[in-house]
There are 2 protein chains.
Amino acid sequence: MAHGGGGRAMSRLIDELFAAAFDNEWMAAGNDAAAFTAPAGRMVMATDSHVVTPLFFPGGDIGALSVHGTLNDVAMGGGRPLYLSAGFVLEEGFPLADLKRIVDSMAAASREAGVPVVTGDTKVVEQGKADGVYINTTGVGVVPEGVTVGGNRARPGDRILVNGTLGDHGMAILSVREDLGFGTDLQSDSAALHGLVAAMLEAVPGIRCLRDPTRGGLSATLNELAHQSEVGVRVREAELPVREEVHAACEFLGLDPLNAANEGKLVAVCPPESAEVLLETMRAHPLGRASAIIGEVADSDRPLVEMETAFGGTRLVDWLHGEQLPRIC
Amino acid sequence: MAHGGGGRAMSRLIDELFAAAFDNEWMAAGNDAAAFTAPAGRMVMATDSHVVTPLFFPGGDIGALSVHGTLNDVAMGGGRPLYLSAGFVLEEGFPLADLKRIVDSMAAASREAGVPVVTGDTKVVEQGKADGVYINTTGVGVVPEGVTVGGNRARPGDRILVNGTLGDHGMAILSVREDLGFGTDLQSDSAALHGLVAAMLEAVPGIRCLRDPTRGGLSATLNELAHQSEVGVRVREAELPVREEVHAACEFLGLDPLNAANEGKLVAVCPPESAEVLLETMRAHPLGRASAIIGEVADSDRPLVEMETAFGGTRLVDWLHGEQLPRIC
């Protein structure tokens, strides 16, 4: 417990490990708040706490995930992310080597995204009172002139797009859970989507909704959009990009890929006349090669999500009532 | 674990409890990112994770504390706080009644401060994997024209002020710890200081440093300032405002009030010619009645903090080497 209490041991931990990893002017200044110049206009702010287990998984770790997750929330608000904060809750006795690996991964993700972590905080709790490390990240960004996205803006006739295969993150995490572990080459799709979103908004400024289908997967996201916009949603199973390995893992575990989490995917809703341009723009981006138009917004007075199955039937895509995949992010 | 997984149970928890408490347009919108209009210019961002135990203590609780703590960090950066985010890590089985009490307390603190909580996130971990609830808050604010504060700006001759009695929060927390509990009327000083700071900066825009002596207390803060500014610091024990009950509790526990945490206190450094005006301004504010000039910045090439004791001697005020008071905030 010598780290985390405001004493010299903690100060040294923060100074050396964090400032070395997050090597920027704000962290170097060593103040409790980071100062920066922001342009006037609309801003967005998003926060995400990360409790994923295990901390290291195929295709990522909690560090990179915590950067991607919040960058994506800012991007889904229509924002170009500017700055991130990071708050750590560390379990006493957590190996410093693991912490360094996680912090280095955050720093690399932040550099790659071009969005610095400008301020941070660390608390240490007794052994058994946390699960290694929990990381909160919060991000702020600016919204380009003319852009207004929101879950309440979907209109009947709008098209619904995704930028690639569904369920990769959720199934990659489950594949390495002690109690479930199964053999697969699946990797998490954890990625920062703000570059893709910037390209999409430049091509189609009139995008109505953007959302990342993380916890709860595509089904939660579509149901949220249906409720917020007071519309129906129809998707076609045949159009949903799902990897064979994800299908297989879901079958093995008795799960539905539509409920599985994603960390590098987005759902976009746009007017029908923009859908093809948006699709082409997305496919031209490295993070959108497998993009697809998966359905449309229906003129319905009930906020239901329906799916045309591969066999030509129709089924309701319902929210999960309980917890299918805990600690997935 | 049915809450926290993106399913309907979690959605209902967030919708009903959080949106009811944080009753504002951003939370009502139900998007993952909150959008707002910010003025151009310098902004500050600060983050703080809260793991205080017990969750409810004399003079406050983790909810109000998590609002005050981050508002104060923004204010110490010279910023007028604008917006807050809140990230919860909840232990499975944590009583909803306690959560409601905590969230209501956050909401009340946020309303009183005039700074809305605009976006939030909740994760649930298994029983035994957290300690009730941990709360991260992150805040953004704008810095008034002409204000530049920073821990590296103290200059020899500058005066050092505090806004009231030291160690109240730390000793109030310890008084109700299961393993230490002792009888006292002490209350935490948990309070939002941005109103006081605004008055101070209006009266003395040239304030050099502002910092809240939370974990590690006054001694950690003064040592940080000495290191960042590469100066010495001299304080006078006779000028330090410390309650009789805090003295007694510290004596009982073998602790030093200078190392005890505060949650409604600040240390200000200003040029000598402004010190009296600043002191008067602080004393005129409800949160600064017991303000005092406690010492000055010394012309020294070693970043040492020295104290003239009440008996006329001099002693070094050192950083704690270990953890005196874990989980104090």
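Where an unreviewed UniProt entry is consulted, chain A appears under the name Hydrogenase expression/formation protein HypE, with the organism given as Thiohalorhabdus methylotrophus. Quoted verbatim from the Sequence similarities (unreviewed entry) field of the UniProt record, the comment on chain A reads "Belongs to the HypE family."

## Here we look at empty space enclosed by the protein
Scanning the entire structure with this criterion turns up six cavities of 30 Å³ or more. What lines the largest cavity is a set of 13 residues, and nearest its centre among them are S49(A), V89(A), N136(A), V89(B) and N136(B). Breaking the lining of the largest cavity down by element, the ones donating at least two residues are strand 2 (41-50), strand 5 (80-91) and strand 7 (133-142) of chain A together with strand 5 (80-91) and strand 7 (133-142) of chain B. A breakdown of the residues in the lining of the largest cavity according to their chemical character gives six nonpolar, seven polar and no charged.

## Considerations on the side chain of D121(B)
Tracing the backbone through its elements, the reader meets D121(B) in strand 6 (residues 117-125). Within the structure, D121(B) has its side chain in polar contact with the side chain of R215(A) (distance 3.2 Å). For D121(B), the contacting residues outside a window of four places in its chain are T47(A), D48(A), S49(A), R215(A), A86(B), G87(B) and F88(B).

## Comments concerning the sheet that holds strand 7 of chain B
Read from one edge of the open sheet, five strands run 1(A)-2(B)-7(B)-5(B)-6(B), paired in mixed fashion. Each edge of the open sheet is held by one strand with a lone partner, namely strand 1 (34-38) of chain A together with strand 6 of chain B. Neighbour to neighbour, the strand axes of the sheet diverge by 20° on average, direction disregarded. Pairing of strand 5 of chain B with strand 7 of chain B, which is carried by ten bridges, proceeds in the antiparallel orientation.

## Focus: the pattern of salt bridges
Inspection of the entire model under this criterion finds 30 salt bridges over all chains. Salt-bridge contacts for K123(B) lead to D48(A); the nearest nitrogen and oxygen are separated by 3.1 Å. Of this pair, K123(B) sits in strand 6 while D48(A) sits in strand 2, which puts the two residues in different chains. Within this structure, D48(A), R215(A), D121(B) and K123(B) form a network of salt bridges that share partners.

## Quick look at the pairing of strand 7 of chain A
Residue and element names in this part refer to chain A. Extensive coverage of strand 7 is indicated by the burial of ten of its ten residues. What you see with strand 7 is no split at all: V133, I135, T137, G139 and G141 on one side and Y134, N136, T138, V140 and V142 on the other are buried throughout. Here eight bridges tie strand 2 to strand 7, and the two strands are oriented antiparallel to one another. Residue pairing for strand 7: D48 is matched across the bridge by T137.

Reading the values: the criteria
- In this convention, every chain numbers its residues from 1, walking through the sequence in written order.
- Following the order in which they are written, the chains are lettered starting with A and the ligands numbered starting with 1.
- Owing to the predicted nature of the model, reporting of local features is limited to residues with pLDDT of at least 70; listing and counting of side-chain atom pairs is limited to 80 or more, with chain, interface and lining totals taken over all residues.
- Side-chain metrics in this entry use all non-hydrogen atoms of the structure; hydrogen atoms and water are not considered.
- UniProt positions are given in the numbering used here, feature names are shortened, and annotations may be inferred rather than shown by experiment.
- Each cavity reported here is a set of points on a 1 Å grid over the protein atoms alone in which a 1.4 Å probe fits but cannot get out, each pocket an open set with protein on both sides within 12 Å along at least five of seven lines, and each lining residue one with an atom within 4 Å of a point.
- Grid points are joined across faces, edges and corners, and a volume is the space filled by probe spheres set on the points.
- Secondary structure elements are defined from DSSP: runs of H or I of at least 4 residues count as helices, runs of E of at least 2 residues count as strands, and each element is numbered from the N terminus.
- Classes in brief: Ala, Val, Leu, Ile, Met, Phe, Trp, Tyr, Cys and Pro nonpolar; Asp, Glu, Lys and Arg charged; the others, Gly included, polar.
- Definition of a polar contact: a pair of N or O atoms within 3.5 Å, with one able to donate and the other able to accept a hydrogen when the atoms are protein atoms, and with sequence-neighbouring residues admitted only if both atoms are side-chain atoms.
- The contact criterion used is simple: two residues touch if any of their non-hydrogen atoms lie within 4.5 Å.
- One bridge is not enough; two strands pair if DSSP finds at least two bridges between them.
- Whenever a helix is involved, its axis is fitted only over the stretch in contact; in every case the axis is a line through C-alpha atoms, and angles between N-to-C directions fall within 0 to 180 degrees.
- We define a salt bridge as a side-chain nitrogen of Lys or Arg found within 4 Å of a carboxyl oxygen belonging to Asp or Glu.
- Relative accessible area decides the class of each residue, using a 1.4 Å probe on protein chains only: under 20% of the type maximum gives buried, over 50% gives exposed, and in between gives partly exposed.

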